[in-house]
Amino acid sequence: MYTTLYTFKEKILKFSELGLSQDILDAIATHSYVEATPIQEKTIPLTLAGRDVIGQAQTGTGKTAAFGLPILENIDLDNPNIQAAIISPTRELAIQTAEELKKLGHDKHVNVQVVFGGSDIRRQIQQLKSHPQILVGTPGRLLDHIKRHTVKLGDVKTLVLDEADEMLNMGFLDDIEAIIAEVPAQRQTLLFSATMPAAIKRIGVQFMTNPEHVQIKAKQLTTDLVEQYFVRTRPQEKFDTLTRIFDVQAPKLGIVFGRTKRRVEELARGLEARGYHAAGLHGDLTQQMRSRVLDQFKNHEINLLVATDVAARGLDVKDVTHVYNFDIPQDPESYVHRIGRTGRAGAEGTSVTLVAPNEMDYLRAIEELTKKRMEPLRPATLQEARIGRINTAVGEVGKLIHSVNTEDIQHQTKQLLEEYSAEQLAAALLADLAGLDKQNAPVEISRERPLPRRRGGSSSNRRGGGRSYGDKRRRGNGGGYRGGRGGSSHHSDRRDRNDRGGNRNGGYRSKSSSHGFTVREKG
Ligand code: ADP
Ligand code: MG
């Protein structure tokens, strides 16, 4: 096998130079993509030429379109059979991918369908009768359809494992092998992910023919658009530490990662108790529940999504400002995927990882993989958190004033003003809006088993201090202190893998960054 490393500095090609036909180029233009991202530029010509490709590039750099565009290009509209199958680890990701392919294939009139567990199989069977040329699915449900003969993969020309390292991991491997057995040996196989551990790659290569490994090497594995911090904190203090950071950073849209499903549940409930708009996303929820939570997050009805690693893999939610790792991930690769939920498509983000003193070796392992140091952040004090809450409340007063009709309550307002000073009234309003009474609401988070000690690790105090909250912020968003989001690790989640999915949407600020992203300004 041949591995080619590319760096970002090379000239980026326009889509029109990649050998795509007009109806596909039209759809790309409608999508406001101007230039191909590096992974798209390097893999699209290879894929169009029929090669097997392992595509590896940072999170949020357009891998979906990288495999999607050549697939769409090669679809034969006169052939009513499934010609390309894309396998995703979660329902949410399967849905998101299908949405993107539908958009990009719109002008060519390609029929894209998606199958995933936890939803009515009869309805899916009905939809499958429309003869999709592209099928996206989660492994369990895909196999289910294969067994019922409602999906036939005998005419598949291209098979994609998105988030390939996840798909080839133990939890999914049996299903993947069973699916591959249904696909002709004469096929194109594509693996895409931001991370590709060598052991996993060896498994993947067995399913491929003379693959080309295209690796877009950024300076770091994680995007430099994300400011990465860590906070040392004892396990029993983690929850207080986390909520105080929220109070100071006031994340607009954040993901909080927890290690297990139980932890995700407890965190979501605990955050609600302390007055945040939070909800959990993990594999034990019903499909409806998961869709609802994700929609609420995308509509900003909730601004903190608590998730496990698996549940959040690959999700492309616009404008996620923060990622919070309540638990440090056990695998360094998981970290890359977690913080990759922010800093997407040229946007900026902030991540904060809580680390117990005996987990410092895990932090080091992550930094070794990402080639980037996390900056230490000092935990916020109770008083700083209180001020943070009040400051956020101040921002809400204006909105509130415009939304309240005061005509019929003038008598009562006058009465109050006679009895109390304007200062007293404003203070009471702020305290209420800030939910100060909830700031220290008692919350019980069960202890998780500590991570095993990493070998060769002195979990020393290798760094002390920490950026303080009064520091000058390096970015408008507040180095460390505005925004939030987090995640969890996947091991406990791996078993319930079959189905999660997510949504997407386009449109970000126009920004030509080191990431090779150029997008037109959109609403
Ligand atoms: P990845 O799979 O690499 O994490 P996605 O495929 O989810 O990334 O894409 C991230 C975001 O970038 C999506 O919102 C997608 O629509 C957008 N995008 C993809 N390609 C381009 C491009 N060439 N120009 C601008 N935006 C793009
Ligand atoms: Mg992706």
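Residues numbered from 1 in each chain as written. Chains lettered and ligands numbered in written order. Predicted model: local features only at pLDDT ≥ 70, side-chain atom pairs only at ≥ 80, totals over all residues. Heavy atoms only, no water.

How we decide: UniProt positions are given in the numbering used here, feature names are shortened, and annotations may be inferred rather than shown by experiment.
The name given to the protein in an unreviewed UniProt entry is ATP-dependent RNA helicase CshA, and the organism recorded there is Convivina praedatoris. According to UniProt, the comment filed for the protein under the heading Sequence similarities (unreviewed entry) is "Belongs to the DEAD box helicase family."

**Focus on the overall build of the protein**
Selection criterion: Going along the chain from the N terminus, every DSSP run of H or I of four or more residues is numbered as a helix, and every run of E of two or more is numbered as a strand. Buried means the residue's accessible area, taken with a 1.4 Å probe over protein chains only, is under 20% of the maximum for its type, while exposed means over 50%, and partly exposed covers the values in between. Note on definitions: a residue-residue contact is assigned when non-hydrogen atoms from the two residues lie within 4.5 Å. Each accessible area is a Shrake-Rupley estimate made with a 1.4 Å probe; only the visible protein chains count as cover when residues are assessed.
Along the backbone of the protein there are 18 helices and 15 strands. Residue burial in the protein is summarised as follows: out of 523 residues, 59% are buried. Counting contacts in the protein only where the partners sit at least 6 residues apart, residues at least 24 apart contribute 82% of the total. Accessible area of the protein: about 22,300 Å², with a carbon and sulfur share of 50%.

**Some remarks on unusual backbone geometry**
You will see that His-300, though not glycine, has its phi angle at about 65°, which is positive. As for its position among the elements, His-300 is in the loop between α12 (287–298) and β12 (304–307). Here His-300 falls in the partly exposed class, since its relative accessible area comes to 41%.

**As for the side chain of Asp-327**
Let me state the cut-off plainly: In protein, a polar contact requires one atom able to donate a hydrogen and another able to accept it; more generally it is a pair of N or O atoms within 3.5 Å, and residues adjacent in sequence count only if both atoms are side-chain atoms.
On the secondary structure map, Asp-327 appears in the loop between β13 (322–325) and α14 (332–339). Under the relative-accessibility criterion, Asp-327 is labelled buried at 0%. Within the structure, Asp-327 has its side chain in polar contact with the side chain of Arg-263 (distance 2.4 Å). Ignoring any residue separated from it by four or fewer positions in sequence, one finds Asp-327 in contact with Lys-238, Phe-257, Gly-258, Arg-259, Arg-263, Arg-338 and Leu-354.

**Notes on the sheet that holds β13**
What counts, and what does not: Here, a strand pair is defined by DSSP locating no fewer than two bridges between the strands. Axis definition: a line fitted to C-alpha atoms, over the contacting stretch in the case of helices. Angles run 0 to 180 degrees between N-to-C directions.
The parallel open sheet is built from seven strands, whose spatial order is β11-β12-β10-β13-β14-β9-β15. Only two strands of the sheet have a single partner each, and these edge strands are β11 (278–281) and β15 (375–376). Sheet contacts for helix α10 (residues 238–249): β9 (226–232), β10 (254–257), β12, β13 and β14 (349–355); angle to β14, the most-contacted strand, approximately 160°. Where α14 meets the sheet, its contacts fall on β9, β10, β13 and β14, and the angle it forms with β13 comes to roughly 150°.

**Observations concerning the environment of Ile-180**
Within the secondary structure layout, Ile-180 lies in helix α8 (residues 170–180). Along the sequence, Ile-180 and Phe-207 sit 27 residues apart, while their C-alpha atoms lie 8.1 Å from each other.

**Quick word on the packing of aromatic side chains**
Keep this limit in mind: In this analysis, rings of Phe, Tyr and Trp, with Trp reduced to its six-membered ring, are considered paired at centre separations within 6.5 Å, and the interplanar angle assigns stacked below 30 degrees, edge-to-face beyond 60, and tilted for intermediate values. Charge-over-ring contacts are defined here by two conditions on Lys NZ or Arg CZ: a distance within 6 Å of the ring centre and an angle within 35 degrees of the ring normal.
On inspection of all chains with the given rule, the structure shows four aromatic pairs. For the pair Phe-246 and Tyr-324, a centre-to-centre distance of 4.7 Å together with 75° between the ring planes defines the contact as edge-to-face. Placement of Phe-246 in helix α10 and of Tyr-324 in strand β13 is noted, with a sequence separation of 78 residues between them. Exposure remark for Phe-246: the relative accessible area of 2% places this residue in the buried category. The rings of Phe-246, Tyr-276 and Tyr-324 are connected pair by pair, giving a single aromatic cluster. Above the face of the Phe-326 ring, Lys-238 is positioned so that its terminal group lies 4.9 Å from the ring centre.

**A few points about the pairing of strand β3 (residues 84–87)**
Along a regular strand, successive side chains alternate from one face of the sheet to the other. Covered by surrounding structure in β3 are Ala-84 and Ile-86 together with Ala-85 and Ile-87, the residues of both alternating faces. For β3 and strand β5 (residues 134–137), the ladder comprises four bridges, and the chain directions are parallel. Its bridge partner being in β5, Ala-85 is matched across the sheet by Leu-135. As judged from the four bridges shared by β3 and strand β6 (residues 158–162), these two strands associate in the parallel manner. By the bridge assignment, Ala-84 is partnered in β6 with Thr-158.

**Here's the deal with the pattern of salt bridges**
Note the threshold: Salt-bridge detection follows one rule: a side-chain nitrogen of Lys or Arg within 4 Å of a carboxyl oxygen of Asp or Glu.
This structure, assessed with the given rule, holds 21 salt bridges. For Lys-238, the salt bridge goes to Asp-327, with nearest N and O atoms at 2.8 Å. In this pair, Lys-238 sits in helix α10 while Asp-327 sits in the loop between β13 and α14, placing the two residues 89 residues apart along the sequence. Looking at Lys-238, the relative accessible area reads 5%, which means it is buried. The partner of Arg-338 in a salt bridge is Asp-309, and the shortest N-O contact between them spans 2.9 Å. A residue pair is termed long-range when its members are at least 10 positions apart, and Arg-338 in helix α14 and Asp-309 in helix α13 (residues 309–312) qualify at 29 residues. One exposure class covers both Arg-338 and Asp-309, and it is buried. Overlapping salt bridges, with partners in common, bring together Glu-163, Asp-165, Glu-166 and Arg-313 in one network.

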